[in-house]
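# Observations on the model geometry
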Amino acid sequence: MRSQPSRKLRAMSPEPPQPAAAARRARAQRIHALRLRVVALGVAIFLAAWVVISVRLETGHDPALANDLAPVATQAADPDTTSDLSDDATSQQAWPSTTSSSEPAASGPATVTTRQS
């Protein structure tokens, strides 16, 4: 009387892995390794950029302070004031006294404009 199916006993050794499961594990390992390489490359590029920037700034090559703008027009020197500064009359003409007259000085230092905020 065998009405019940017989139960199959387990093997003492594990079954060999399925080829599809092994392929999935190998693919997952390759993807993981690729992701690690991409992250490592990104961090390396970021650090290299910061090192280059900090070295440039520390050596005095600050691009914010570069003089790449058009040169500022300077005031031409007055030939009367630069010819002989040892003469008292000439030096008095070059730098008029601000206390003796109420008129604004015609010549004087040029206005300085900076680009700082």
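For every chain, the first residue of the written sequence is number 1, and numbering continues from 1 onward in sequence order. Local features in this predicted model are restricted to residues whose pLDDT is 70 or higher, and side-chain atom pairs enter the listing and the counts only when it is 80 or higher, whereas totals over whole chains, interfaces and linings include all residues. With hydrogens and water set aside, each side-chain value is computed from the structure's full complement of heavy atoms.

## Side note on the overall build of the chain
What counts is decided by this rule: Note on conventions: DSSP H or I runs of at least 4 residues are helices, E runs of at least 2 residues are strands, and numbering of each starts at the N terminus. For accessible areas, the Shrake-Rupley method is used with a probe of radius 1.4 Å. Any residue's cover is judged against the shown protein chains and nothing else.
The number of helices and strands found in the chain is three helices and zero strands. Split by element, the accessible area of the chain, about 11,900 Å² in all, is 59% carbon and sulfur.

## Section: helix α1 (residues 19–58)
The test is simple: What a helix should span is 1.5 Å times the count of its residues minus one.
Compared with an ideal rise of 1.5 Å per residue, which puts 40 residues at 58 Å, α1 spans 58 Å between its outermost C-alpha atoms and is within 8% of the ideal. Downstream of α1 by a residue or two, Gly-60 has a phi angle that is positive, lying close to 95°.

## What about a nonpolar patch on the surface?
In plain terms, the rule: Surface patches are drawn from residues lacking salt bridges whose relative accessible area is over 30%; two like charges belong together within 9 Å, two nonpolar side chains (Val, Leu, Ile, Met, Phe, Trp, Tyr) within 5 Å. Here, a salt bridge means any side-chain nitrogen of Lys or Arg that lies within 4 Å of a carboxyl oxygen of Asp or Glu.
A cluster of nonpolar side chains, Val-39, Val-43, Phe-46, Leu-47, Trp-50, Ile-53 and Leu-57, forms an exposed patch at the surface whose accessible area comes to about 700 Å². Along the polypeptide, Leu-47 turns up in helix α1.

## So, the packing of aromatic side chains
To be explicit about the condition: Centres within 6.5 Å make a pair out of two Phe, Tyr or Trp rings, where for Trp the six-membered ring is used; the pair is then stacked when the planes are under 30 degrees apart, edge-to-face when over 60, and tilted otherwise. Burial classes: relative accessible area under 20% of the type maximum marks a residue as buried, over 50% as exposed, and values in between as partly exposed (1.4 Å probe, protein chains only).
Applying the stated criterion across every chain yields a total of one aromatic pair. Seen in terms of ring centroids, Phe-46 and Trp-50 are 6.2 Å apart; in terms of plane orientation they differ by 70°. Their pairing is edge-to-face. Residue Phe-46 and its partner Trp-50 are both found in helix α1; the two are separated by four residues, about one turn of the helix. Judged by relative accessible area, which is 48%, Trp-50 ranks as partly exposed.

## Topic: the confidence of the model for the chain
Worth spelling out the cut-off: Confidence scores labelled pLDDT are given residue by residue by the predictor and lie between 0 and 100.
Predicted confidence across the chain gives a mean pLDDT of 74, with 56% of residues reaching 70 or more. By mean pLDDT, the top-scoring element of the chain is α1 (95), and the lowest-scoring one is helix α3 (residues 88–94) (51).

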